[in-house]
Amino acid sequence: QVQLVESGGGLVQAGGSLEVSCAATGRPFSTITMGWFLKFPGKEREFVAAIRWNGGAAEYGDSVKGRFAISRDNAKNTLYLQMNGLRPEDTAVYYCAADLAQFTNVRSWRAYDYWGQGTQVTVSS
């Protein structure tokens, strides 16, 4: 079992920055692939970013590449998503997720085993 709790969402102006965090408890955090997804109302979750258990590899969705950065602190059992150059179309609920597999198929939400409750990010124009 893995419990995930996101924090740090909020309202920001277009062009601004925001960092969201995800605190994990349960299984050893340093062994788990972690990811971020977003969800628009009425749509499936979309891949944002994922990071290997040791931070040695990361992948990004096309819409956030070059603007967002995923990182993790295994000593603090915490995952981060630094969001820069935010746009109104980034407005969504952001979820962190844990994938017990070894960094395979990380772009599919179906690959993930545990999810946080989500945190709202709203970007005003």
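Residues numbered from 1 in each chain as written. Predicted model: local features only at pLDDT ≥ 70, side-chain atom pairs only at ≥ 80, totals over all residues. Heavy atoms only, no water.

Time to look at the nonpolar core. Met34, Trp36, Val48, Leu79, Leu81, Met83 and Tyr94 are the most contacted members of the largest nonpolar core, which has 29 residues in total. At the level of elements, strand E1 (2–7), strand E3 (18–26), strand E4 (33–39), strand E5 (46–51), strand E7 (68–73), strand E8 (78–83), strand E9 (92–99) and strand E11 (119–124) are the ones that each hand at least two residues to this core. Ignoring any residue separated from it by four or fewer positions in sequence, one finds Leu79 in contact with Val20, Ser21, Cys22, Phe29, Met34, Gly35, Trp36, Ile51, Ile70, Ser71, Arg72 and Cys96. Counting nine residues, the second largest nonpolar core, distinct from the first, contains Phe37, Ala50, Ala57 and Ala97. (Core = buried A, V, L, I, M, F, W, Y, C linked by side-chain atoms within 4.5 Å. Buried < 20%, exposed > 50% of the residue type's maximum accessible area, 1.4 Å probe, protein only. Helix = DSSP H or I, 4+ residues; strand = E, 2+ residues; numbered from the N terminus. Contact = heavy atoms within 4.5 Å.)

The subject of this paragraph is the state of the cysteines. Going through the model one piece at a time under the given rule, you end up with one disulfide. Paired through a disulfide, Cys22 and Cys96 show a sulfur-sulfur distance of 2.0 Å. Disulfide Cys22-Cys96: the torsion about the S-S bond is 50°, which places it as right-handed. Placement of the pair is Cys22 in strand E3 and Cys96 in strand E9, with a sequence separation of 74 residues. (Disulfide = S-S within 2.5 Å.)

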